[in-house]
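One-letter residues, chain by chain:
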Amino acid sequence: MADIPWELKCPKVIGVNLTGKLSGWTSSKDVILKVAGILTVKGGTGAIVEYFGPGVDSISCTGMGTICNMGAEIGATTSVFPYNQRMHDYLVATGRKDIAVLANDYKHLLTGDQGAQYDQVINLNLDELEPHINGPFTPDLAHPISEVGKQAKKHGWPLDIKVGLIGSCTNSSYEDMGRAASIAKQALKRGLKSKTQFTVTPGSEQIRATIERDGFAQVFDEFGGLVLANACGPCIGQWDRKDVKKGEKNTIVSSYNRNFTGRNDANPATHAFVTSPELVTALALAGTLDFDPRRDSLTAANGEKFKLDPPSGDELPSMGFDPGQDTYQPPPKEGSSVRVDVDPKSQRLQLLSPFDKWDGNDLSEMAILIKVKGKCTTDHISAAGPWLKYRGHLDNISNNMFIGAINSDNNEEIGRASCRERV
């Protein structure tokens, strides 16, 4: 893009050896939550994470997608799984049979070599893996569900859950929605609904249309949920939350990938936890963070005690996917005469002028404006949430640069110091 050479350091390879099978309340999300707890948010930096072993075949194609999606949360260069039948079936179900046939022909190139050597190996037995809930404030603070309640009481995290949120890019597959809906159906049969606010964010128009056709959306609605637009939504703060005031300590649980301070609702006192969609649904039903559906009972509307059955859901829709509405608007074939008019006083849109051509000389002796210490993720570098309204205005959105990061000189958030200076 810049027409100059780009150097990339050869990454290490971390192998994750999966044995056993996923079952019961344990899902693909728990694999990456466990790995995040082992490697931390920086343990995968400069490394490819390669999953292998007999346990791979117990994970759906979209489940593998969830795991790879969250590879960014451990800093991985990328994450990969070996090509298998479940990938083939997903490609066929999504109208890409020609790619599946081609992949079958070259399967030997899309799977790991026998006896491959890794820089580090993590062994995970899926038969023994517990469902996990990670957080608050970071996706690598891993807790088996049997321990999270104890940790919450120990550290003073609010046990009462205010909002349960499922979906987004990480966990919104048809299988995810089906497993979550299976929990909501059990509750409805016993006259119960979510005790918390409950939101559903479909990951695509195809998923939205398919879960509406197959009745999942209606189940979520009867459960007390609200199906939002096909967008990032609350995961990046696109959420007009009004149930708590800024600075008010509270707990939310989501099936998203990140839970850094203030990410979901711009409230630094919100204790955000990440887990699987089915666990979010169960926790929203119970209303408390120390609920373990494998062990704890609920009280039906008629006063009877009952325990939830483990979640279930089809990997792929039996009637195929509904593509939904085609909202794509192609650009004109000849765009040279098209002019975009933007009010020069607009705070949300800004036309860019071309940068000056590079003179071929590197910049040198430049002053260091800021030195950041500690955790510095993309959320710290360029926060989302309310700032997204400026995404079409380079000058304005640049005002959020590093505001969540810690200044090494005074150990304060850069944004707070900047606010005092402006005042």
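Notes on the structure in this doc start here. Just so it is clear, the model here is predicted, and its values are computed rather than measured. (Residues numbered from 1 in each chain as written. Predicted model: local features only at pLDDT ≥ 70, side-chain atom pairs only at ≥ 80, totals over all residues. Heavy atoms only, no water.)

1. Let's talk about the overall build of the protein chain
Put simply, the rule reads: We count a stretch as a helix when DSSP gives it H or I for four or more residues in a row; a strand needs E for two or more, and each element gets its number in order from the N terminus. Radius of gyration here is computed from C-alpha atoms only, and the compact-globule reference equals 2.2 Å multiplied by the residue count raised to the power 0.38. Under the scheme applied here, a residue whose accessible area is under 20% of the maximum for its type counts as buried, over 50% as exposed, and between as partly exposed, the area being computed with a 1.4 Å probe on protein chains only. By definition in these notes, contact holds between two residues if any of their heavy atoms fall within 4.5 Å. Just so you know, the count uses Lys and Arg for positive and Asp and Glu for negative, and it drops His and the chain ends. Positions of charges follow a simple convention, taking NZ of Lys, CZ of Arg, CG of Asp or CD of Glu.
Counting secondary structure elements, the protein chain contains 12 helices and 15 strands. For 423 residues, the compact-globule estimate of 2.2 N^0.38 gives 22 Å, and the C-alpha radius of gyration of the protein chain, at 23 Å, lies within 12% of that figure. Projecting the C-alpha coordinates of the protein chain onto the three principal axes gives extents of approximately 75 × 60 × 50 Å. Within the protein chain, the fraction of its 423 residues that count as buried is 44%. Within the protein chain, counting contacts between residues at least 6 apart in sequence, those at least 24 apart form 75% of the total. One finds the centroid of the 46 positive side-chain charges in the protein chain at a distance of 6 Å from the centroid of its 51 negative side-chain charges.

2. Description of the side chain of Thr-210
Its location among the elements puts Thr-210 in helix H7 (residues 205–213). Filtering out sequence-adjacent residues up to four positions away, Thr-210 remains in contact with Tyr-174, Pro-317, Gly-320, Phe-321 and Asp-322.

3. Remarks on the sheet that holds strand S3 (residues 78–80)
Stated formally: Strands pair, by our definition, only if DSSP identifies at least two bridges between them. Axis definition: a line fitted to C-alpha atoms, over the contacting stretch in the case of helices. Angles run 0 to 180 degrees between N-to-C directions.
Spatial ordering of the open sheet is given by S3-S2-S1-S4, a layout of four strands whose pairing is parallel. One side of each edge strand has no neighbouring strand; the edge strands of this open sheet are S3 and strand S4 (120–125). In this sheet, neighbouring strand axes are inclined to one another by 20° on average, regardless of whether the strands run parallel or antiparallel. Bridge analysis of strand S2 (residues 47–52) against S3 gives three bridges, and the strand direction is parallel. Following the sheet pairing, Val-49 is matched in S3 by Ser-79.

4. With respect to the nonpolar core
Heads up, the rule is: Nonpolar cores are built from buried Ala, Val, Leu, Ile, Met, Phe, Trp, Tyr and Cys residues. Side-chain atoms within 4.5 Å join them into one set.
In this structure, Ile-166, Met-177, Phe-198, Phe-220 and Leu-308 are the most contacted members of the largest nonpolar core, which totals 41 residues. Of all elements in the fold, only helix H5 (145–155), strand S7 (161–167), helix H6 (174–189), strand S8 (197–201), H7, helix H8 (216–222) and helix H9 (277–286) reach the threshold of two or more residues within this core. Among the nonpolar cores identified, the runner-up in size contains 32 residues, and Val-31, Ala-36, Tyr-83 and Leu-124 belong to it.

5. Some words on a nonpolar patch on the surface
Note the following rule: Here a patch means residues that are over 30% exposed by relative accessible area and free of salt bridges, tied together within 9 Å if like-charged and within 5 Å if nonpolar (Val, Leu, Ile, Met, Phe, Trp, Tyr). Note on areas: these come from Shrake-Rupley sampling with a 1.4 Å probe, and a residue is covered only by the protein chains present in the view. Here a salt bridge means any side-chain nitrogen of Lys or Arg lying within 4 Å of a carboxyl oxygen belonging to Asp or Glu.
Together, Leu-102, Tyr-106, Leu-109 and Leu-110 give the surface a local cluster of nonpolar side chains, amounting to about 410 Å² of exposed area. In this structure, Tyr-106 sits in the loop between helix H4 (97–105) and S4.

6. What to know about the packing of aromatic side chains
Note the cut-off: In this analysis, rings of Phe, Tyr and Trp, with Trp reduced to its six-membered ring, are considered paired at centre separations within 6.5 Å, and the interplanar angle assigns stacked below 30 degrees, edge-to-face beyond 60, and tilted for intermediate values.
Evaluation of the coordinates by the stated rule reveals nine aromatic pairs. Between the aromatic rings of Phe-52 and Tyr-118, the centroid separation amounts to 5.0 Å while the plane-to-plane angle is 5°, which identifies the pairing as stacked. With Phe-52 in strand S2 and Tyr-118 in the loop between H4 and S4, this residue pair connects regions lying 66 residues apart in the sequence. With relative accessibility at 22%, the residue Phe-52 sits in the partly exposed group. Seen from their ring centres, Phe-198 and Phe-223 are 5.2 Å apart, and the 85° between their planes marks the pair as edge-to-face. Of this pair, Phe-198 sits in strand S8 while Phe-223 sits in the loop between H8 and strand S9 (225–227), and the two are 25 residues apart along the sequence. An identical accessibility class is assigned to Phe-198 and Phe-223; each is buried.

7. Considerations on helix H2 (residues 61–69)
Listed in full, the buried residues belonging to H2 are Cys-61, Thr-62, Gly-63, Met-64, Thr-66 and Ile-67. On its buried face, H2 is in contact with helix H1 (28–39), S2, helix H3 (85–93) and H6.

8. Remarks on the packing of H1 against H2
Rule in force here: Any angle that falls under 35 degrees is termed roughly parallel, while one over 145 is termed roughly antiparallel, one within 65 to 115 roughly perpendicular, and all others oblique. In this scheme, a crossing is called left-handed if the near helix is turned counterclockwise away from the far one by less than a right angle; it is called right-handed if the turn is clockwise. For this classification, Asp, Glu, Lys and Arg are treated as charged, while Ala, Val, Leu, Ile, Met, Phe, Trp, Tyr, Cys and Pro are nonpolar and the rest, including Gly, are polar.
Following both chains from N to C, one finds H1 and H2 inclined at 25°, their axes separated by 8 Å at the closest point. One way to sum up the angle between H1 and H2 is to call them roughly parallel. Note on packing geometry: the crossing formed by H1 with H2 is right-handed. Residues Ser-28, Lys-29, Val-31 and Ile-32 of H1 lie in contact with H2, whose contacting residues are Gly-63, Thr-66 and Ile-67. Taken together, the residues of the contact of H1 with H2 sort by class into three nonpolar, three polar and one charged.

9. Here's the deal with the state of the cysteines
We count it as follows: Disulfide: a pair of cysteine sulfur atoms within 2.5 Å of each other.
The final tally for this structure, using the stated rule, is zero disulfides. The cysteine Cys-61 is free of any disulfide, with Cys-68 supplying the nearest cysteine sulfur at 9.4 Å. Summary of cysteine pairing: Cys-235 is not part of a disulfide, and the nearest cysteine sulfur, belonging to Cys-169, is at 5.8 Å.

10. Here we look at the side chain of Asn-396
Note that Asn-396 resides in helix H11 (residues 394–397). Note on Asn-396: relative accessible area 14%, which makes it buried. Leave out the neighbours within four places in its chain, and Asn-396 touches Gln-347, Trp-387 and Tyr-390.

11. Digging into the packing of H2 against H3
Any two packed helices are characterised by how steeply their axes cross, that is the angle between the axes, and by the distance between the axes. Where H2 contacts H3, the two axes come as close as 8 Å, and the packing angle between them is 105°. The angle between H2 and H3 places the two elements in the roughly perpendicular class. Contacts between H2 and H3 pair Cys-61, Thr-62 and Met-64 from the former with Arg-86, Met-87 and Tyr-90 from the latter. Here the contact of H2 with H3 is composed, by residue class, of four nonpolar, one polar and one charged.

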